[in-house]
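Next come the chains, spelled out residue by residue.
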Amino acid sequence: MPSPFLTPSATADADGLALLQLRRDQIIPTILRTYDDENQGYLEGKVTNTRFGSFPHSTLIGKPWGSQIVASKVDTGSRGRRNTAKRKAEELEGSAASTPAEDEKPELKTAVAATSGFLHVLAPTPEAWTLSLPHRTQVVYTPDYSYILHRLRARPGSTVIEAGAGSGSFTHAAVRAVFNGYPETAQATKKRRLGKVCSFEFHEQRVGKVQAELKDHGLDGLVEVTHRDVYEDGFLLGDPKTGQSPKANAVFLDLPAPWLALKHLTRNPPSGESALDPLSPIYLCTFSPCLEQAERTIRTMRQLSWLNISMVEVAQRRIDVRRDRVGLDTEGVRGATLYPKTVDEAVDKLRSDEQRAKRIREHRANRENPDYQPIVEDLPAYKDAASDVPSYALGRLTHRTEPDLKTHTSYLVFAILPRDWSEEDEQRCRQEWPSEK
Ligand code: SAM
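Residues numbered from 1 in each chain as written. Predicted model: local features only at pLDDT ≥ 70, side-chain atom pairs only at ≥ 80, totals over all residues. Heavy atoms only, no water.

### What about the overall build of the chain?
- Scanning the chain from terminus to terminus reveals 12 helices and 15 strands.
- Residues counted as buried form 43% of the 437 residues belonging to the chain.
- Of the contacts formed within the chain by residues at least 6 apart in sequence, a portion of 71% connects residues at least 24 apart. (Helix = DSSP H or I, 4+ residues; strand = E, 2+ residues; numbered from the N terminus. Buried < 20%, exposed > 50% of the residue type's maximum accessible area, 1.4 Å probe, protein only. Contact = heavy atoms within 4.5 Å.)

Next up, the structure:
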C-alpha cells in the first residue's frame, strides 16, 4: 500500500492514518477504524474523544482531507463507559448472556449533547506529524529540518544516514525528501538510484517504536532502522564490521556527542569499509544545543578533513498578530484603545473588560433566542462587538514576537567531504572524455 505521507489518497480512508487538528498547534494522530479496536466499549466503533467533543470515526471516514467535522451530538463518552462498567458487573454476576439492556442496543441516542466543537481532518505530512507525534525525546522541528535537508542536498535518490532516530520526526521529513516514486517509477527506470534513509538508534525501545510507526505509515521499505551505538560501531548496515555500506551522500547527527561518531564517517574508517558513497561529495550536519558541543565537533571535523565548515542557528520566530481590545476614548472615538494611567483605572478597566466579555459570550449563546433581551446601553463597545461592525473597526492590530529564549533550538554545523580523486580516477576520466587530455 503506498504511504499516505508520499502519495495521499483524496479522502480519509478506513485503517489509514489521519491527523485530527483541534487548533493550529494541536493535532491528534489516529488510525481510522470502523470498529472499536481499542476496546473502549463504544457502540459506534472507535471514537476519538477531545476537549471539543467526541468524534466517532464513522463521521470521519470517507471525508475529503481538510474537511471540518462537527462533534457528535451523542454523549458517546459517558454512555460507552456506562456500558462497559455494566457489562463487567454482569459478567461478574454470571449474567452476561442475558438479554441486552435497553441502553446497550446499538442505535445512536440523542441523549445528552456533548460539546458541539469541531476539528479538521488532515492528511498526514511530515510537518503535521512533527506537531502530533508521541514525544519520546526532543525532536527536530520543521524550520530546522527544512533548512537542514536543503543544505544536505537531500533529493530523490539520495541516501541519508541519520543518528539517533529518537522520535522519528526528522526521519519522516528525510524520507519524503529522498522519495523518488518508489516503487512505481523506480521499477520502471531500473537505472535510477533508490532513495533511502538509514537510521541508527541505541535505545532499544525507541527502535521498536519508530519501526512500528514507520510500518504503520507505509515507510518501512524506504527507511532501515538499526539498533546500534554509533560511537562504538559506526554506520555499516547489518554487522558493524563486515556489514554492507549504505553508500550515503548525506549525514545528519542529532547526538549528544557527534564528534565521537565522526571517526566512522571518513573515506577509510578504522572498521574497514566506508559508509560513504565513494563517487560523490558528502554533506554533513550536526545538531547540538550548546556552543561548546558545536566547537568540539568543528575541531574534530577539521582534523578529519571536512571542508566548508559553517555554523547556523535557525532563529525562526512566530509573530502573533492580534487586534487590541475594543474601547472608546474619553471623546468617544471608536477604535481608540483605553490605556489606564493609575492602578484604580487599571482595575476598573479589567472589571469592565470582564463584564463586557461575559455579555458578549451571553449574547452569542442566545443569538437564536427570540426572547433574549441584551443589555447594551451601558456598554457601547459591547454593542459594536456584538453587532456586525467589521473587525478592522474594532481596534488596532498589534504584533508580538516570541521571546528569544523560546526560539533557540540548536546550533547546526555543516561541512562537506569532497570525493577522493586518485590517479586511477584521472586515467579513467581521460579515457571517457578524451577532449580533457
Ligand atoms: N532527531 C530525532 C527526532 O527528530 O525525533 C531526535 C533525536 S534525540 C534528540 C537523540 C537520540 O539519539 C536519542 O533517541 C538517543 O537515544 C540517541 N543516541 C544517543 N547516543 C547514541 C549513540 N551513541 N548511538 C545511537 N543513538 C544514540
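### Section: the site of the ligand
- Taken together, 22 residues sit near the ligand, with S167, E201, R206, D229 and D254 positioned nearest.
- Separating an oxygen atom of the ligand from a side-chain N or O atom of E201 is a distance of 2.5 Å.
- Between the ligand and R206, the relevant distance is 2.8 Å, taken from an oxygen atom to a side-chain nitrogen or oxygen of the residue.
- About the coverage of the ligand: the protein hides 92% of its 600 Å² of free accessible area.
- For the shell around the ligand, the secondary-structure elements that each account for two or more residues are α4 (169–178) and α7 (230–233).
- A breakdown of the residues in the shell around the ligand according to their chemical character gives 9 nonpolar, 8 polar and 5 charged. (Near = heavy atom within 4 Å. Polar contact = N/O pair within 3.5 Å; in protein donor to acceptor, adjacent residues only side chain to side chain. Areas by Shrake-Rupley, 256 points an atom, 1.4 Å probe, with all protein chains shown as cover. Nonpolar A, V, L, I, M, F, W, Y, C, P; charged D, E, K, R; others polar.)

### Considering the nonpolar core
- Ranked by size, the top nonpolar core spans 41 residues in total, and within it V140, I148, L152, F170, F252, C285 and L412 carry the most contacts.
- Ranked by residues supplied to this core, first place goes to α4 with 5 residues.
- Once you skip the residues sitting within four places of it in the chain, F252 turns out to touch V140, I148, L152, I161, E162, A163, F170, C285 and F287.
- The next biggest cluster of nonpolar side chains, apart from the first, holds 30 residues, and it includes C198, W259, Y411 and L417. (Core = buried A, V, L, I, M, F, W, Y, C linked by side-chain atoms within 4.5 Å.)

### Observations concerning a nonpolar patch on the surface
- A cluster of nonpolar side chains, namely I319, V321 and L397, defines an oily patch on the protein surface of about 300 Å² accessible area.
- Topologically, I319 is positioned in strand β13 (residues 319–323). (Patch = residues over 30% accessible without salt bridge, like charges linked within 9 Å, V, L, I, M, F, W, Y side chains within 5 Å. Salt bridge = Lys/Arg side-chain N within 4 Å of Asp/Glu carboxyl O.)

### What to know about the pattern of salt bridges
- Scanning the entire structure with this criterion turns up 10 salt bridges.
- Residue D15 is joined to R33 by a salt bridge in which the shortest nitrogen-to-oxygen separation is 2.9 Å. Of this pair, D15 sits in the segment before β1 (17–23) while R33 sits in the loop between β2 (26–31) and β3 (47–50), placing them 18 residues apart in sequence.
- A relative accessible area of 44% places D15 in the partly exposed class.
- Here D320 and R24 are joined by a salt bridge, their closest N and O atoms 3.9 Å apart. Of this pair, D320 sits in strand β13 while R24 sits in the loop between β1 and β2; the two residues are 296 residues apart in sequence, bridging distant segments of the chain.
- What makes R24 exposed here is its relative accessible area of 53%.
- Three or more residues joined by partner-sharing salt bridges are found here, namely R419, D425, R428 and E432.

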